[in-house]
Number of protein chains: 2
Amino acid sequence: MSDKAIHAFFYPDSVAVIGASSTPGKIGHEILKSVSQYEYRGRVYAVNPKASEILGLKSYESIESIPDRIDLAVLAIPATAVPEAIEKCASKGAKAAVIVSGGFKELGGQSEEIEKKIVLTARAHGVRIIGPNCIGIFNSANRLDTFFQSRERMRRPERGPVAFMTQSGTFGCTILEWAADSNLGISKFISYGNRCDVDEADLIDYLAQDDDTKVIGVYVEGFGDGRKFMEAVKRVAAKKAVVVLKAGRSEKGSKVALSHTGWLAGSYEVCESALKQCDALAVNDIEELFDVAKALAKQPVATGRRIAMATNGIGPCVMAADRCVELGLDLPRLEERTLLRLKKELPSYCIVSNPVDLTGSGTSRDYMNALTALAEDKSVDLLMPFFVFQDTPLGEEILDLLPSLKKYGKPILCCASGGEFTRKCSDRLERSEIPVYPTPERVVAAAKALVSRNEFLKRSIQN
Amino acid sequence: MSDKAIHAFFYPDSVAVIGASSTPGKIGHEILKSVSQYEYRGRVYAVNPKASEILGLKSYESIESIPDRIDLAVLAIPATAVPEAIEKCASKGAKAAVIVSGGFKELGGQSEEIEKKIVLTARAHGVRIIGPNCIGIFNSANRLDTFFQSRERMRRPERGPVAFMTQSGTFGCTILEWAADSNLGISKFISYGNRCDVDEADLIDYLAQDDDTKVIGVYVEGFGDGRKFMEAVKRVAAKKAVVVLKAGRSEKGSKVALSHTGWLAGSYEVCESALKQCDALAVNDIEELFDVAKALAKQPVATGRRIAMATNGIGPCVMAADRCVELGLDLPRLEERTLLRLKKELPSYCIVSNPVDLTGSGTSRDYMNALTALAEDKSVDLLMPFFVFQDTPLGEEILDLLPSLKKYGKPILCCASGGEFTRKCSDRLERSEIPVYPTPERVVAAAKALVSRNEFLKRSIQN
């Protein structure tokens, strides 16, 4: 399919909200608010025969009465009314429709038939559909979103390199807010729910051409056309990393998925092996999906499996070392000259090894001495500083100094956990594009992804 | 050993900080600040021959010159000076000493010898030691803490039912702040580092008698006397749950542990099976240690393995169902009359099954209808509501209504994730003693612990 068809969803000049409501809190009200009251600058039309004005906009009695072409229609009306509405939107020029309403394939029976009818109607009139049963789309470039989650309840992230598509709107909300909270920019976002028309492969092909997108994250329960998806990933993988979380590993989970979007999750083993073959990065949970996308977006790949840690509190490094072993990463012995250098430069109570333990007395200067030596050590591929920001001897200068280590070209992934002060410190690092993770398991999983991505890229160059 | 000896650490009338520093940021300064400048009401003495006054307190030239008995000594002085200081503290009546300083067994060689000397000195003079190489203790009852982490950088939690002991001060900081952030009260906290004297078993025996403590969390790398620990757990387990995170699963992790506190982690398989035999709840990472302690502290045990979910966004329930299967928990079919009742009480677009899917249109009233029916369903042992608080149709009334379900006596564990608004909602629920977890995996792991705890209690009654 052409990119132009998908482009219409993200860059409409005019948007009609079908089923706009004048009652705050109602889905049709909140969507209209999201589309019309913030940064998006396109023309917005509300359709509701029972109202004359909503949120300061004239409310139209019908789709036909809108005195303009519609580029994008957003529908929040009962399922049975959707087919006719699609037809009318098409007559106003719409090539793209987001159906937020639920009550289709996920209910089975008669409702599934309505969904089929919508697809036939849409195909007959050249309209592409995202949804139904979804929260729709977000484009950080023009700040258009179709969400019924209000701004007061859900932050929108800044513009940046990660595109995210999800069968679950809920996980979509989670990722959007985690991204906003940790300064991870999003390019495009798509919640596609029942996926009656536009599918993951269509979106991947579009995002492959999208200059704003560098990394693609996917949460999927049941594939519609698994082969088509895998082929789309194969096409894009050398250029952009695709990270995939596949839910529904168990029969029970698959059954829940069926009641979610009407799609059975299918055999997990088959999916997992297919994902590996098409060189997607398969992850195990929503945190890992986010964490890995963050690492890939902000840091270079790791040219090898050798991790070096430095810390002012070594406990979490024990857990991290365990996890490295489980994931096949190395904690190498440092070069002899690095050891000598560190023994010279660090206070005598520090433990010069890998990890380098600066102890609770560790200062910003100690960290910079240690990390510079590790960055210059040829036996090290990735720097993993652990911080106990709570430890008062550690001054905040480290937050300004650490980014200078990026010049060595080795990825830097940090670990720090705690409360408000720690979050503030982490936030400052993340604004310098250095990711911080709250547990040893999470930072090691992110490191593994930077290693795997490099190994894939090396293989694909050789082939 | 007698409880009285451990009691001295937590309830001293006078505390001396040996190595108090007048330089803000230095460990000896921050400890003195923590002990003397906040809520703790005991008499506090600073010892530093180079200062005359620190933080408004007279600074004593020597331990001997303190004109009072010392109940607790906190030492932040170079390792080599510690043995003599212990002897002098003993001469002033001290029965308890926290040694914060590092530079002992973890360095090996000469430094390890100093640690041995300290133990001999302490034993000879009837002084008990916590540490060295630790951040010491916190007692929420009198707000005494020995931390060099300033209040600005590290929040202290409220008083409550969870005691926590940790070989890693870093993980200690993490748990204390997570507890403060999620309204989980802490009774006593102990960071014991190299554990040269007072060990986990001593602490467990003490906490067994502590009325403030209901749940005991333990992070340990290498056991000193594994058998003694297991026996202490066995003694307390029927009365108080003991949750244990054992680090150093791998040889590499064990080696890092050795450089941390001078203790090898030992064989993980042996430990894990021993932990199970002594009926500790073994967990896999620091989040799970915290999560499980929170569930046990705030909720009753689950009298069976049957989980019921209700949600306004079902995606995460797919992942949760997968995890339930992996952990041996059931998502049973609901009773026929529950299904009929829900079909009657809920809007027609809801999916009446387990999980109950209220869809993105779900309201507080829908939730209460669904959860009340689930609470009254005899095929359900534990209620697991998932919330998308971002979804605007869901009013905040649910936060006030949900606690009324506690009357059914079934545990309630929630899942919700997002940003600031979600955290505020979660915080309100947690203030009503209803735990909220940010991912499906975490809430299911917490549920599993409530099931396991019940199964252990049933076994121990039968025996």
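Placed above this text is the structure.
Quantities reported herein were computed from a predicted structural model and do not represent experimental measurements.

Colleague: Break down the relation of the copies chain B and chain A for me, citing the residues and quoting the values.
Modeller: Copies of the same chain, two in number, are related to each other by a rotation about an axis and a translation along it. Overlaying chain B on chain A yields an RMSD of 0.0 Å, the required transformation being a rotation through 180 degrees with an accompanying axial translation of 0.0 Å. Seen this way, the second copy is the image of the first under a two-fold rotation axis. Same-surface contact between copies: 100% of interface residues of chain B are shared with the interface of chain A.

Colleague: So what's going on with the packing of helix α11 (residues 315-327) of chain A against helix α16 (residues 440-462) of chain A? Residues and values would help.
Modeller: All names here are of chain A. α16 packs onto α11 with a crossing angle of 35 degrees between their chain directions and a minimal axis gap of 8 Å. Crossing of α11 against α16: the hand is right-handed. The residues of α16 that touch α11, namely those facing P316, M319, A320, R323, C324 and L327, are P440, E441, V444, A445 and K448. The residue makeup of the contact of α11 with α16, split by class, is eight nonpolar, no polar and three charged.

Colleague: Please set out the environment of I27(B) residue by residue, giving values where relevant.
Modeller: If you trace the backbone, I27(B) turns up in helix α2 (residues 27-36). In sequence terms I27(B) and A76(B) are 49 residues apart; their C-alpha atoms lie 7.0 Å from each other. Filtering out sequence-adjacent residues up to four positions away, I27(B) remains in contact with G360(A), S361(A), P393(A), A76(B), V100(B) and F148(B).

Colleague: Go over the interface of chain B and chain A with me, naming the residues and quoting the values.
Modeller: Each side of the interface is counted separately: chain B has 75 residues, and chain A has 76 residues. When chain B packs against chain A, close to 5,700 Å² is buried across both sides, 61% of that on carbon and sulfur atoms. Together, R153(B), M319(B) and T392(B) form the three largest contributors to the area buried by chain B at its contact with chain A, with a combined 13%. Across the chain B-chain A interface, the total number found is four salt bridges. Notably, a salt bridge pairs D181(A) with R423(B), separated by 3.0 Å at the nearest N-O pair. Connecting chain B to chain A are 32 residue pairs in polar contact (both at pLDDT 80 or more). For the side of chain B that touches chain A, the leading source of residues is helix α11 (residues 315-327) of chain B, giving ten residues.

Colleague: Tell me about the packing of aromatic side chains, residues and numbers included.
Modeller: One pair of aromatic rings is described through two measures. These are the centre distance and the angle between the planes. In the structure shown here, the tally under the stated rule is 20 aromatic pairs over all chains. Between W178(A) and F290(A) the ring centres are 5.7 Å apart and the planes differ by 65 degrees, which places this aromatic pair in the edge-to-face class. Taken as a pair, W178(A) in helix α5 (residues 169-181) and F290(A) in helix α10 (residues 286-298) lie far apart in primary sequence, 112 residues in all. Classification of W178(A) by relative accessible area gives buried; the value is 13%. For F290(A), a relative accessible area of 5% gives the class buried. Residues F138(B) and F147(B) carry aromatic rings whose centres are separated by 6.2 Å and whose planes lie at 40 degrees to one another, so their mutual orientation is tilted. F138(B) gets classed as buried once you look at its relative accessible area, which sits at 0%. Judged by relative accessible area, which is 0%, F147(B) ranks as buried. Joined through ring pairs, the aromatic side chains of F138(A), F147(A), F164(A) and F189(A) make up one cluster. Over the ring of Y38(B) we find R151(B); its NZ or CZ atom is 4.0 Å from the centre of that ring. One residue, K294(B), lies across the ring of Y437(B), its end atom 4.7 Å from the ring centre.

Rules behind the numbers
- Counting of residues starts from 1 at the beginning of each chain's written sequence and follows it residue by residue.
- Both sets of labels track the order of writing: A upward for chains, 1 upward for ligands.
- For a predicted model such as this one, the threshold for reporting local features is a pLDDT of at least 70, and the threshold for listing and counting side-chain atom pairs is 80 or more; totals across whole chains, interfaces and linings nevertheless cover every residue.
- The side-chain numbers reported here are obtained from all heavy atoms of the structure, hydrogens and water having been left aside.
- Here the copies are superposed with least squares, the fitted atoms being C-alpha atoms of residues at a pLDDT of at least 70 in both.
- Here a residue-residue contact requires only that any non-hydrogen atoms of the pair lie within 4.5 Å.
- For helices, the fitted axis covers only the stretch in contact; all axes are lines through C-alpha atoms, and the angles between them, taken along N-to-C directions, range from 0 to 180 degrees.
- Secondary structure elements are taken from DSSP: a helix is a run of H or I of four residues or more, a strand is a run of E of two residues or more, and numbering for both begins at the N terminus.
- It is the rotation of the near helix from the far one that decides the hand of a crossing: anticlockwise by less than a right angle makes it left-handed, clockwise makes it right-handed.
- Any residue outside Ala, Val, Leu, Ile, Met, Phe, Trp, Tyr, Cys, Pro, Asp, Glu, Lys and Arg is labelled polar, Gly included; the first ten of those are nonpolar and the last four are charged.
- As used here, buried area is the combined drop in accessible area, with a 1.4 Å probe, of two parts when they are placed together.
- A side-chain nitrogen of Lys or Arg and a carboxyl oxygen of Asp or Glu constitute a salt bridge if their distance falls within 4 Å.
- In protein, a polar contact requires one atom able to donate a hydrogen and another able to accept it; more generally it is a pair of N or O atoms within 3.5 Å, and residues adjacent in sequence count only if both atoms are side-chain atoms.
- Here is the rule: rings of Phe, Tyr and Trp (six-membered ring for Trp) pair when centre to centre is within 6.5 Å. Planes less than 30 degrees apart are stacked, more than 60 are edge-to-face, and the remainder are tilted.
- Each residue's exposure class comes from its accessible area (1.4 Å probe, protein chains only) as a fraction of the maximum for that residue type: buried when under 20%, exposed when over 50%, partly exposed otherwise.
- Whether a charge sits over a ring comes down to the Lys NZ or Arg CZ being within 6 Å of the ring centre and within 35 degrees of the ring normal.

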